[in-house]
Amino acid sequence: MSDQKPEAVWVFPDEPKKRGGRIALIIGLVVAALVVAAVVVLFLIPRGDGVPTPSASPTASKTATPKPTASPSPSSTTVPTDLPTAPVTTPPPVPDPSIDAFRGQVQPRLDDASTGLELVQGQSGDAAVQVVDSLQNDAQNLASQPAPGSIATQWGEAVNAYAAKLQSLRSAYSGGSDPSGALGDAKAALGQLRSLVGL
């Protein structure tokens, strides 16, 4: 037993597998990606740069040419801007109707309101509510009419008061309560409107 000596055995690792297949696959994928990118670029370039760019470049050069002339034009642009600045904006609100002209605009609705309040006096229920609804629409139209500056504040307040009285009158008719007090208030508010325009 003492004669036996351990023998040295060389153990060689297995030879690595050839990776030629993997390398070929990677190269194939890279080539395919480059082909796809080239096709995409070819489709995009003719559409984007083929027709519009040549026409855009002359316009760009044309715009570049007037740019030097644009430096003198700021002074010319300033002149037209001074002319229309405030005067163009101011004229639309400025026209202030005279009392006579305003009276002519609102008198038909005020007359209809007087007639409607007389008419509703002899009605009740839904028929009366419909008449009051019509009067409320007329009141909204009266509120939208631009009043002369001399009575604009009083007109706005009087129209609001009249509209509030009409709402009370409508509530009285729709609720079935006695409308006489609300009707009197509405007539008084309408009288104030008529007196503001000299009716």
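Note that the structure is a prediction, hence the values are computed from the model and not measured.

Caption draft 1: How the structure looks around the confidence of the model for the protein. Of all residues in the protein, 65% have pLDDT values of 70 or greater, and the mean over the chain is 74. Note that residues 48-65 has pLDDT below 50 and, in this model, 7 contacts with residues that lie over four places away or in other chains. A low-confidence stretch, residues 69-76 (pLDDT under 50), is modelled with 0 contacts involving residues beyond four sequence positions or located in other chains.

Caption draft 2: Structural detail: the side chain of D138. Along the chain, D138 turns up in helix α7 (residues 125-144). A residue is classified by how much of its surface remains accessible, and D138, at 13% relative accessible area, is buried. Apart from the residues within four sequence positions on either side, D138 is in contact with R109 and D112.

Caption draft 3: Just the pattern of salt bridges, in detail. For the coordinates displayed, the defined rule picks out 5 salt bridges. For K187, the salt bridge identified is with E118, shortest N-O distance 3.2 Å. Of this pair, K187 sits in helix α9 (residues 180-196) while E118 sits in helix α6 (residues 99-121), placing them 69 residues apart in sequence. Using a relative accessible area of 49% as the deciding quantity, one classes E118 as partly exposed. Put simply, R170 and D133 hold a salt bridge, and the shortest N to O gap is 2.5 Å. Here D133 lies in helix α7 and R170 lies in helix α8 (residues 152-175), a separation of 37 residues in the sequence. Here R170 falls in the partly exposed class, since its relative accessible area comes to 26%. A residue is classified by how much of its surface remains accessible, and D133, at 26% relative accessible area, is partly exposed.

Caption draft 4: Focus on α7. Taking 1.5 Å per residue as the helical rise, α7 with its 20 residues ought to reach 28 Å, and the 29 Å between its terminal C-alpha atoms agrees with that figure. A128, V129, V131, V132, L135, Q136, D138, A139 and L142 are the residues of α7 that are buried. On its buried side, α7 packs onto α6, α8 and α9.

Caption draft 5: Examining the packing of aromatic side chains more closely. Taken as a whole, this structure holds 1 aromatic pair when the rule is applied. Ring centres 4.9 Å apart and planes at 85 degrees place the aromatic pair F102 and W155 in the edge-to-face group. On the criterion of sequence distance, the pair formed by F102 in helix α6 and W155 in helix α8 is long-range, its members being 53 residues apart. Taking relative accessible area as the criterion, F102 reaches 0% and is therefore assigned buried. Owing to a relative accessible area of 2%, W155 belongs among the buried residues under this scheme.

Caption draft 6: Here's a closer look at a nonpolar patch on the surface. Together, I23, I27, V31, V35, V39 and F43 make up a nonpolar patch on the protein surface, roughly 550 Å² of accessible area in all. As for its position among the elements, F43 is in helix α1 (residues 20-50). Assessed through its relative accessible area of 52%, F43 is described here as exposed.

Calculation criteria
- Residues numbered from 1 in each chain as written.
- Predicted model: local features only at pLDDT ≥ 70, side-chain atom pairs only at ≥ 80, totals over all residues.
- Heavy atoms only, no water.
- pLDDT = per-residue confidence, 0-100.
- Contact = heavy atoms within 4.5 Å.
- Helix = DSSP H or I, 4+ residues; strand = E, 2+ residues; numbered from the N terminus.
- Buried < 20%, exposed > 50% of the residue type's maximum accessible area, 1.4 Å probe, protein only.
- Salt bridge = Lys/Arg side-chain N within 4 Å of Asp/Glu carboxyl O.
- Expected span 1.5 Å × (residues − 1).
- Phe/Tyr/Trp six-rings, centres within 6.5 Å; stacked < 30°, edge-to-face > 60°.
- Patch = residues over 30% accessible without salt bridge, like charges linked within 9 Å, V, L, I, M, F, W, Y side chains within 5 Å.
- Areas by Shrake-Rupley, 256 points an atom, 1.4 Å probe, with all protein chains shown as cover.

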